[in-house]
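Summary of the model geometry
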Amino acid sequence: MRAGLTIGEFAALTQLSVRTLRRYHDAGLLEPASVDPFTGYRYYVAGQIPSAQVIHRLRELDVPLAEVKAVLATDDPGRRAEMIAGHLERLEVSLDRTRAAVTSLRQLLRPGVEDLEVELRSVPVREVAAITAEVDLDTVTVWYDAAMSRLDAAVPPEQRSGPPGGRYDNELFTEGSGTVCVFRPFHDLCPAGGVEILELPPVELAVTVHRGHHDDIGVRYGRLGEWVVDHALAVDGPVHETYVAGPRDTDDPEAWRTEIGWPIFRLTP
């Protein structure tokens, strides 16, 4: 009477290599149903096929061995789903970083494809509804989304007098933490919901427009910085962004427009 499925038969049924099955056994992830004490041959049973496939899929997603063991060990479907969901969230963050890096590299590897259009702009004093905080660079995107949602709620469309914007202190980039302010121009507004009324000082800016997805906006920043070094006198101060059109306006990234303003010194307006 057969002891079960040979490792070769089990490999064919699960579409996993014999080497992979041996590795799973050595790691304690999937032990054979029995091992012949004389020959050392491994034997499996049909009921182990789903477990083998689950392990394989989790490993394809780079789930660490310890987490794979934990997923297999729990009988609670809810807990199992939480563990897998947590890893998937980490993967999504990693994929976003990878996509942004790839996009930026593609731009950097073909410099000079387009001339950089720069406008020297004198921005007067402005009164805006604003939210300001000390933010870490690693969490600035999450903070920005939450702050803009609060601004959107505090400044209804009929009260808005221009596109929203942001100011980012140099320390955010040089030290990894700094002051960030997002704001909306308004008229006839009373502050509410933790939103302050702020008077932004006048500033001279070298402004260029980043078109499209924000993944490679860092490349545009770099090119604007090069332009400022060659053509103007940069001054210490926060960089400015104006969100002419973005995800809150359209789902089409091709229509997104972000103005980047680098503070400069000018003798005449």
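In this report, the structure presented in the accompanying data block is examined.

Reading the values: rules and limits
- Residues numbered from 1 in each chain as written.
- Predicted model: local features only at pLDDT ≥ 70, side-chain atom pairs only at ≥ 80, totals over all residues.
- Heavy atoms only, no water.
- Helix = DSSP H or I, 4+ residues; strand = E, 2+ residues; numbered from the N terminus.
- Buried < 20%, exposed > 50% of the residue type's maximum accessible area, 1.4 Å probe, protein only.
- Areas by Shrake-Rupley, 256 points an atom, 1.4 Å probe, with all protein chains shown as cover.
- Patch = residues over 30% accessible without salt bridge, like charges linked within 9 Å, V, L, I, M, F, W, Y side chains within 5 Å.
- Salt bridge = Lys/Arg side-chain N within 4 Å of Asp/Glu carboxyl O.
- Pairing = 2+ DSSP bridges.
- Arc of directions from axis to C-beta.
- Phe/Tyr/Trp six-rings, centres within 6.5 Å; stacked < 30°, edge-to-face > 60°.

**Remarks on the overall build of the protein**
The helix and strand tally for the protein stands at 8 helices and 12 strands. Counting all 269 residues of the protein, 34% fall into the buried class. Total accessible area computed for the protein in this model is approximately 16,100 Å², and 55% of it derives from carbon and sulfur atoms.

**Comments concerning a nonpolar patch on the surface**
Taken together, the side chains of Leu233, Val235 and Phe265 define a hydrophobic patch exposed on the protein surface, amounting to about 270 Å² of accessible area. Its relative accessible area of 51% is what places Leu233 among the exposed residues.

**What to know about the sheet that holds strand S2 (residues 34-35)**
The antiparallel open sheet is built from 3 strands, whose spatial order is S1-S3-S2. The open sheet is flanked by strand S1 (5-6) and S2, the only strands paired with a single partner. Where S2 and strand S3 (residues 42-44) come together, 2 bridges link them in antiparallel fashion. Directly across from Val35, in S3, lies its bridge partner Arg42.

**What about helix H2 (residues 18-26)?**
Within the span of H2, buried status applies to Thr20, Leu21 and Tyr24. Along the long axis of H2, the arc covered by the buried residues comes to 100°, so they all point the same way. Those residues of H2 that are exposed and angled more than 90 degrees off the buried face are Arg19 and Asp26. One or two steps after H2, the chain reaches Gly28, where phi turns positive at roughly 80°.

**Comments concerning the packing of aromatic side chains**
For the structure shown, the criterion picks out 2 aromatic pairs. Relative to Tyr243, the ring of Tyr144 has its centre 5.4 Å away and its plane inclined at 65°; by these criteria the two rings are edge-to-face. One end of the pair, Tyr144, is in helix H6 (residues 140-154); the other, Tyr243, is in strand S11 (residues 239-245), and 99 residues separate them in sequence. The buried category is assigned to Tyr144, whose relative accessible area is 17%.

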